[in-house]
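Per-entry structural report
Now for the letters of each chain:
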Amino acid sequence: MDEPDRPAPIANAPSGAQPKDLPPTPRPTSTPDRTLHMVGNAHLDPVWLWPWQEGYQEARATFWSAIERMEEYDDFVFTCDQIVLLSWVEESDPALFARIREWVAEGRWVNTGGWWVEPDCNMPSGESFVRQGLVGQRYLRSRFGRTATVGMNVDPFGHNVMLPQILRGQVMDSYCFLRPGPHESDLDDTLFWWEAPDGSRVLAYRIPFEYCSPPGEVAGQTEKSLGQLDRSLDTLMVFYGVGNHGGGPTKANIESIHRYDRMGSFGRMRMSSPRDYFDEVAARLGEDGLAQLTVRRDDLQHHAAGCYSSHSGIKAWQRRAQAAVLSAERWAAITARDGLTAYPHDDLDRAWKQVLFNQFHDVLPGSAIESAYDDARDQLGESVAIAKRIITRSQNVIARDVAVDTDTATSPVIVFNPHPWPVTAHVEMQYGVAPTGVHVVDDAGALVPSQRIQSVATTDDKGRGATAFKAEVPALGYRLFRMVRGQQPADLPWSNGEPGRLTATETSLENAVLRVEIDKRTGWLSSLLDKRTGVDVVKGARGQHTQICDDPTDTWGHRVLSYDWPGEPMRTTRTILREDGQLRARLRIEREWGRSTMVEELILGEDGDQVEVRVTIDWREQAHLMKLRFPVAIDDPVATYEIPFGTLERPVDGAEEPAQSWVDLSGTVDGRPAGLAVVNDAKHGYDVAPADDDRSASIGITAVRSPVYSWHDPRLLDPEGFYSFQDQGSQTWRYLLVPHAGDWRAAGLHRRAAELGGPVRAMQESFHDGPRPAAYSFLADGGGQVMVTAVKQHEDDDDLVVRAVEMSGRPATAVLDLPVAGIRVETDFGPSQIRTFRIPRADPTDVVEVNLVEDDLDEPTASITVTPLDG
């Protein structure tokens, strides 16, 4: 199948045989001249106000109901999305699944959406959106012989602007959604083109009023839908059928459609599907009419802004699971390519399906019942456990072949880097039988910066301890280090006291790149000087770092525009310099408010250009929220947010916004360009507040929010009632403060975020011979604008699949070195373009571009030059 590299006219993709012709229905002459495509569906939340086990059963009940309606009404058409529901029915009721296959072949059961579930469409990673379609579309093809051609996410609370490119790559040319509604956004159109930053388009339709209806007649549903529709269109869709807990179209629904169609009450009413609707509207409008439609080049936001901060646990578990499974794929692909292991397709498929399922739009946003998160924790834990087994096996298979010369005074350590670019990291290792400590050397025997740190074990074993050392590791590769018994010499070039090197007190941290000063009263930065530019992005900035306030909003945060509300700061109780060594300094700041506490540990490395902050919050407040704010002394600020596979500028207006791992605020300080980015590994709710008379501009992260579980307004809470509140207890996460010279692109924020969420892994190794060198890279993307986001085996064979994305929004030429396949690939990328390549095992030089369901393209979107690598 061909994946167009630029927008193409809407495809007239057939969806199978149409319902058999019925006798024409006589309607009054005065019938409105419009056609209403009545889309029968049964939106089923597999988990929400009920556990997934209940959703599992309801899928079977709902699908039997749909089959019965088809047998009763010759013109009835059923639209089904969320492929996980079909998979549940296939494994629990084969007879029902066989009937579904028959109706799909007849064209009256129409599988739409193509994704495993309807996920939250802002918080998952770009790769997760790719996998929703990869898993969903390949399931449809394998069971029904055809994929979906219409994307459908009727219930999620917002949609990121990269989705049109992803949908086109998954062979879908159109999209149905409900939110944001007309009252929630600046979008007026019902039917419009939605365009991604690379120029890919889908024909999008905002469902009017609701995607489901009561079980009775459809007059109310139709009237309210018509009240929201674009009156200039004469061909429209109205969705009906009992939903949320499933159910689907009822006899009363269907018979009322027939009745009102004969009466001509609302126009011509036709049982239909989204595919039939898009084909008909494209034919009616023609190319000229389609060209006149509005083009939307932005996210589709906002609805329920609180869902990006509800239930901190599910956000952190998802981040961890996504990173773990992506890493497992990479290491498994490398060892399988070398013929050392079989690629664990089934294990990875199971791990991905658990990740994808728990991105569902009532799980990841935190709006499900409390018990649902016990299941989510267990399911995502299964994904992480699978990934860890795969990673451990693959890395041990590699390590056994690394030549490690015998030196009994040392303990070998091999550090593995999961990222396709070189990484410098602080590795923390536990050790035994070294009462005087250890120092560390690299594969050439050269000393590397290290220092003794607190062990994770609290025992009387005087030989047990821990060290942190600096590891520079090749791209998607490994490097051998050795721990040597005995303290590191003190007179090294990176030792304390050397000019420009690391120094620390209880109110300051400083190295050759940055100087950080702390106001002991507030416990927050009074200065963050970037010595490379001479600009201090914090000095003189006014405002709180911690901001706690009452939060009377429901779990979703319905109708919330901003959580930038006045609030109280936490009280600083203690500041202590916890580490002061040759590698890094670590300053601990303790705070309290009410019954809650927070610890922030600021870490500066000996040559670091960022400040790492490790956060532990013990939250004991109900119906409150806490913002962490980062005031800056930046004039004319521009806010940039990371979104899946890209970035988006948004207004500096304090609005609560969804984002991936980072937000950047850039402008000028005393006329010089400067910026500050905040990168984190667990949170998704942000704002950028403007300066006013009382404070400076600032980045805000909603760190913790504690509404009642699954509380949906307008229901009022009983003052005497008993409720369970979210986010009670301890949570840990990390963030980075990254000052820069005014261009977030040069700060490498996407890569910093990936490293924060997916750290290097170190393992102790034994002495042995082997054919592998002490350091090696299996794949490198060059560390520039184009970033490799996936390395895996092809779904159909043992070819290698590599996906890369242009991350800066500017054209680029990428050079990808693949020693694992013995080739170098050079090719061009358009701004924000996603490209995927298949590298055959039989002939690696015959590189083929594929779409996002891993079908070969007829032609690559840009020429590909492949050259063999020496050796």
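Look above for the structure.
Residues numbered from 1 in each chain as written. Predicted model: local features only at pLDDT ≥ 70, side-chain atom pairs only at ≥ 80, totals over all residues. Heavy atoms only, no water.

**Structural notes on the overall build of the protein**
Short version of the rule: In this text, helices come from DSSP runs of H or I with a minimum length of four residues, and strands from runs of E with a minimum of two, each type numbered from the N-terminal end. Type-normalised accessible area, obtained with a 1.4 Å probe on protein chains alone, sets the label of each residue: buried when under 20%, exposed when over 50%, and partly exposed for intermediate values. Throughout, a residue-residue contact means that at least one pair of heavy atoms, one from each residue, lies within 4.5 Å. Surface accessibility in these figures is a Shrake-Rupley result with a 1.4 Å probe; residues are shielded only by whichever protein chains are displayed. The convention is simple: Lys and Arg are positive, Asp and Glu are negative, and His and the chain ends are not counted. Note that the charge is assigned to NZ on lysines, CZ on arginines, CG on aspartates and CD on glutamates.
On a plain count of helices and strands, the protein comes out with 12 helices and 45 strands. The principal-axis extent of the C-alpha atoms belonging to the protein is close to 95 × 65 × 50 Å. Burial analysis of the protein (871 residues in total) assigns 62% to the buried set. Of the contacts formed within the protein by residues at least 6 apart in sequence, a portion of 73% connects residues at least 24 apart. Here the protein displays about 31500 Å² of accessible surface, and carbon together with sulfur accounts for 49% of that area. Averaging the locations of the 88 positively and 130 negatively charged side chains of the protein gives two centres separated by 3 Å.

**Details of the side chain of H740**
Note the cut-off: Under the rule applied, a polar contact is a pair of N or O atoms within 3.5 Å (in protein, one hydrogen donor and one hydrogen acceptor; residues adjacent in sequence only if both atoms are side-chain atoms).
Position of H740 relative to the elements: it lies in strand β36 (residues 729-740). Of note is the side chain of H740, whose polar atom sits 2.6 Å from the side chain of D664. Contacts of H740, omitting those with residues within four sequence positions, involve D530, D664, S666, A674, G675, L676, A677 and A747.

**Observations concerning helix α10 (residues 345-357)**
Using the following cut-off: By this rule the span expected of a helix is its residue count minus one, scaled by 1.5 Å.
Between its terminal C-alpha atoms α10 stretches 18 Å, which fits the 18 Å expected from 13 residues at 1.5 Å a residue. Taken together, the buried positions of α10 are occupied by L348, A351, W352, Q354, V355, L356 and F357. The inward-facing, buried residues of α10 contact α1 (52-72), α2 (83-92), α4 (126-144), α9 (312-337) and α11 (370-399).

**Points about the nonpolar core**
For clarity, the cut-off: Buried residues of nine kinds, namely Ala, Val, Leu, Ile, Met, Phe, Trp, Tyr and Cys, make up a nonpolar core once their side-chain atoms join them within 4.5 Å.
Counting residues in each nonpolar core, the largest one holds 184 residues, and the members touching the most others are F63, L86, I100, W109, F469 and L818. Ignoring anything within four residues of it in the chain, the contact list for F469 reads V413, V415, A425, H426, V427, M429, V440, V448, P449, S450, F481 and L583. If you look at the next biggest cluster of nonpolar residues, it comprises 52 residues, including M570, L628, Y641 and V704.

**With respect to the state of the cysteines**
To be explicit about the condition: Here, two cysteine sulfur atoms that lie within 2.5 Å of each other are counted as a disulfide.
Under the definition given, this model contains zero disulfides. Here C80 stays unpaired: no disulfide links it, and the sulfur of C176, its closest cysteine neighbor, is 14 Å away. Given a relative accessible area of 3%, C80 falls into the buried group. Considering cysteine sulfurs only, C176 is the nearest to C212, which forms no disulfide, with 15 Å between them. Of the residues examined, C212 reaches a relative accessible area of 13% and is grouped as buried.

**Points about the packing of α10 against α11**
So the rule is basically this: Between the N-to-C directions of two axes lies an angle of 0 to 180 degrees, each axis being a line fitted to C-alpha atoms and, for a helix, fitted only over the stretch in contact. Geometric relationships in this document are graded by angle, where less than 35 degrees denotes roughly parallel, more than 145 denotes roughly antiparallel, 65 to 115 denotes roughly perpendicular, and other angles denote oblique. Left-handed describes a crossing in which the near helix is turned anticlockwise from the far one by less than a right angle; the clockwise case is right-handed. For this scheme, ten residues count as nonpolar: Ala, Val, Leu, Ile, Met, Phe, Trp, Tyr, Cys and Pro. Four count as charged, namely Asp, Glu, Lys and Arg, and the remainder, Gly too, count as polar.
For the pair α10 and α11, interaxial distance at closest approach is 8 Å and the crossing angle is 150°. Comparing their axes, α11 and α10 come out roughly antiparallel. For the crossing formed where α10 meets α11, the hand is left-handed. Note on element contacts: α11 touches α10 through Q379, L380, E382, S383, I386 and I390, opposite D347, L348, R350, A351, Q354, V355 and F357. Taken together, the residues of the contact of α10 with α11 sort by class into seven nonpolar, three polar and three charged.

**Overview of the environment of V355**
Relative to the assigned elements, V355 resides in helix α10. Under the relative-accessibility criterion, V355 is labelled buried at 0%. Spatially, the C-alpha atom of V355 lies 19 Å from that of Q170, the residues being 185 residues apart in sequence. Residues contacting V355, with those up to four places away along its chain left out, are Q318, A321, Q322, V325, L380 and S383.

**Focus: the sheet that holds strand β12 (residues 423-431)**
Rules: Here, strands pair whenever DSSP counts at least two bridges between them.
Ordered by their spatial adjacency, three strands build an open sheet running β12-β16-β15, and the pairing between neighbours is antiparallel. What marks the edges here is a single partner per strand, and that holds for β12 and β15 (450-453). Across the sheet, the axes of successive neighbouring strands diverge by a mean angle of 30°, strand direction being ignored. As paired elements, β12 and strand β16 (residues 465-473) share nine bridges and run antiparallel to each other. Its bridge partner being in β16, T424 is matched across the sheet by E472.

**What to know about the sheet that holds strand β21 (residues 524-530)**
The strand order across the open sheet built from five strands is β18-β19-β20-β21-β22, with neighbouring strands paired in antiparallel fashion. Each edge of the open sheet is held by one strand with a lone partner, namely β18 (503-505) and β22 (535-536). Two strands pair when backbone bridges link them, and β18 and strand β19 (residues 508-510) are joined in this way by three bridges, in the antiparallel orientation. Within the sheet, the bridge partner assigned to A504 lies in β19 and is L509.

**A short note on unusual backbone geometry**
Cis geometry marks the peptide bond from R179 to P180, where omega comes out at 5°. Among the structural elements, P180 can be located in the loop between β5 (174-177) and β6 (191-195). Positioned with a positive phi, R559 is a non-glycine residue whose angle comes to about 65°. Mapped onto the secondary structure, R559 falls in the loop between β23 (546-550) and β24 (571-580). Positive phi, normally seen in glycine, also occurs at D727, with a value near 60°. With respect to the secondary-structure elements, D727 resides in the loop between β35 (698-705) and β36.

**A few points about the side chain of Q170**
Looking at the secondary structure, you find Q170 in the loop between α5 (163-169) and β5. The buried category is assigned to Q170, whose relative accessible area is 0%. Looking at Q170, its side chain comes within polar contact range of the main-chain oxygen of F129, at 3.0 Å. Polar side-chain contacts of Q170 include one of 3.1 Å to the backbone oxygen of V130.

**Brief notes about the layout of surface pockets**
Cut-off, in case you're wondering: Residues are said to line a cavity or pocket when one of their atoms sits within 4 Å of a point; the points come from a 1 Å grid over protein atoms alone, cavities being sets where a 1.4 Å probe fits but cannot get out and pockets being open sets with protein on both sides within 12 Å along at least five of seven lines. Grid points are joined across faces, edges and corners, and a volume is the space filled by probe spheres set on the points.
Taken as a whole, the second largest pocket encloses approximately 1000 Å³ of empty space. G181, E184, H302, H303 and A304 are, among the 45 residues lining the second largest pocket, the residues nearest its centre. A total of three residues in the lining of the second largest pocket trace back to one element, the largest contributor, which is strand β30 (residues 646-650). A class-by-class count of the residues in the lining of the second largest pocket yields 16 nonpolar, 11 polar and 18 charged.

**Considerations on the packing of α2 against helix α3 (residues 94-106)**
At their nearest, the axes of α2 and α3 sit 6 Å apart, and the two run at 130° to each other. Compared by their axis directions, α2 and α3 come out oblique. Residue-level contacts link L86, V89, E90 and S92 of α2 to P94, L96, F97 and I100 of α3. For the contact of α2 with α3, the residue count by class is six nonpolar, one polar and one charged.

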